[in-house]
Amino acid sequence: MAAGYLDILRARHAARLLAGTLVGRLPNGTAHIAIVLFTRAEGGSYTLAGALAAAYGLATAVGQPLLGRAVDLYGQPRVQFPAAVVSALGMAALALAGLGSLPVAYAAVVVAGVSTPPLEGGLRALWPTVLGREDRVHRAYAMDAVAQEIMFTVGPLLVTVLVSLWSPAAALLVINAIGVLGALSVVLSEPSRTWCSAPREAHWLGALRSPGLLALLGAFFFVGLALGSITVAGVAYADDHGQESVYGWLMAALGLGALVGGAVYGAREWAGAPERRLRVIVALLALGYLPLMLTPGVPAMTALAALAGVFLAPAIACSFIVVDRHAPRGTVTEAFSWLVTTFGVGAAAGTAVAGPAVEIGGTAWSFAVAGAGGVAALLVLLATGRVLAVPGRTPAVVAGSENDRNGAAEPGFSSGHKA
């Protein structure tokens, strides 16, 4: 299992790009947790915490595709690092101003969100340049998803440690300062500095002119909704049990489950169309979310959280391949950024719904939002099966291009078309 991943990491620049991207994304990956804990520490309600987190998520959703398109047009260094600095300043404003003025608080999270650099899409655009071969690129997608779960496992624990040692405000400042350093490491690398997008057809819809991509984004909106609701539901569960640390363990267990699932998924080559496989994975993902509504004792709930996360990373890794199959030429960063956007909008909706759900029906109701999100994602994939069955293009791994180097199929899958 480890040999394939080690082969990727030994490639020149690969380890630096992966590490820098993960560190640079740490503020975005922990923002909802940090905002909720900060708001509660300042005396704000669950509804306000959910609303601020939702505002951040919606702002991120707006900014990611716009910045992604800017990266495709102008390159990575001119967009990624300045965006990271502005985003960090927005979070710093929230930490320093507090909740004394709600308009200022909302403005701060909106600035931080809309300026979040599209490092995820940028990394996936760089993998073909760094790795070359189709099979290595697809394994890198899986490794990318696994590495994200390491961040989502360590991130919540890091936030809770910073909160325990100092304060929620200090946690916001430290996390965002680290994120700026990660973005700087990426944009100073040779692949990032020299990368150029493939020629693209001028169209105001950009990547969104692909029906298959739209179908995938619709499904992953609901996956984001499920994850966003768990952020608030986990805090409510921890409050019910009188231990703030319980929240960090639940989120870490969720990430650990996804890490294990993603590592197993990426270790083998898969036959068949990734669109069909994605439907099976999302069905299992939805099935894992439903038992969280039982809200048992802490040990059992931690185990359920780990089980709920097992199919998350495989779903994300498989979705990367589907995005690549359906994204129009020259829109690779924008297309991947739209995937991030659907997560942001979905997570924002999930936090916004889960906050009132806690206050109206208790913790179990907020976990029910997660289960409903998983089921809805599956229904969207089933309803759009015909659209997803027809890839928008059949790219090949060809030196000197950007989008065309992202393979049309995962290892073991033959599309039936010649490159």
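Residues numbered from 1 in each chain as written. Predicted model: local features only at pLDDT ≥ 70, side-chain atom pairs only at ≥ 80, totals over all residues. Heavy atoms only, no water.

### Quick look at the side chain of Thr 21
Inclusion rule: Here a helix means four or more residues in a row that DSSP labels H or I, a strand means two or more in a row labelled E, and each is numbered from the N terminus. By definition, residues are in contact when any of their heavy atoms lie within 4.5 Å.
Mapping Thr 21 onto the fold places it in helix α2 (residues 14-41). Non-local contacts of Thr 21, meaning those with residues more than four positions away in its chain, are made with Leu 119, Glu 120, Leu 123 and Val 186.

### A short note on empty space enclosed by the protein
Using the following cut-off: Here a cavity denotes grid points, spaced 1 Å and computed from the protein atoms alone, that fit a 1.4 Å probe unable to get out, and a pocket denotes an open set having protein on both sides within 12 Å along at least 5 of 7 lines; residues with an atom within 4 Å of a point are the lining. Grid points are joined across faces, edges and corners, and a volume is the space filled by probe spheres set on the points. For this scheme, ten residues count as nonpolar: Ala, Val, Leu, Ile, Met, Phe, Trp, Tyr, Cys and Pro. Four count as charged, namely Asp, Glu, Lys and Arg, and the remainder, Gly too, count as polar.
Inspection of every chain in the model, using the stated rule, returns four cavities of 30 Å³ or more. Each pocket or cavity is described by its volume, and for the largest cavity that value is around 630 Å³. Around the largest cavity, the lining comprises 31 residues; the ones closest to its centre are Gly 29, His 32, Phe 152, Leu 227 and Phe 343. Where the lining of the largest cavity is concerned, the elements lending two or more residues are α2, α3 (46-74), α6 (119-131), α7 (134-165), α10 (211-240), α11 (245-266), α14 (312-326) and α15 (332-361). It is α2 that contributes the most residues to the lining of the largest cavity, seven residues altogether. Residues that form the lining of the largest cavity fall into these classes: 15 nonpolar, twelve polar and four charged. Of the volumes computed, that of the second largest cavity is approximately 160 Å³. As for the second largest cavity, its lining consists of 20 residues, and the residues nearest its centre are Gly 24, Pro 27, Asn 28, Thr 116 and Pro 117. Listing elements by their share of the lining of the second largest cavity, those giving two or more residues are α2, α3, α4 (77-97), α6 and α8 (168-187).

### What about the nonpolar core?
The nonpolar side chains of a soluble globular protein tend to be buried, and buried together. How we decide: Take the buried residues of types Ala, Val, Leu, Ile, Met, Phe, Trp, Tyr and Cys, join any two whose side-chain atoms come within 4.5 Å, and each joined set is a nonpolar core. We call a residue buried when its accessible area falls under 20% of the maximum for its residue type, exposed when it is over 50%, and partly exposed in between, using a 1.4 Å probe and counting protein chains only.
Within the largest apolar cluster, 116 residues are counted, with the highest numbers of intra-cluster contacts made by Leu 94, Trp 127, Phe 220 and Leu 278. For this core, the element with the most residues is α10, which contributes 13 residues. Those residues in contact with Leu 278 that lie beyond four places of it in its chain are Leu 216, Phe 220, Ala 315, Cys 318, Ser 319, Val 322 and Leu 381.

### Digging into the side chain of Ser 319
When you line up the elements, Ser 319 lands in helix α14. A relative accessible area of 0% places Ser 319 in the buried class. If sequence neighbours within four positions are ignored, Ser 319 has contacts with Leu 216, Phe 220, Leu 278 and Leu 339.

Everything listed is a geometric property; what it means functionally is a separate question.
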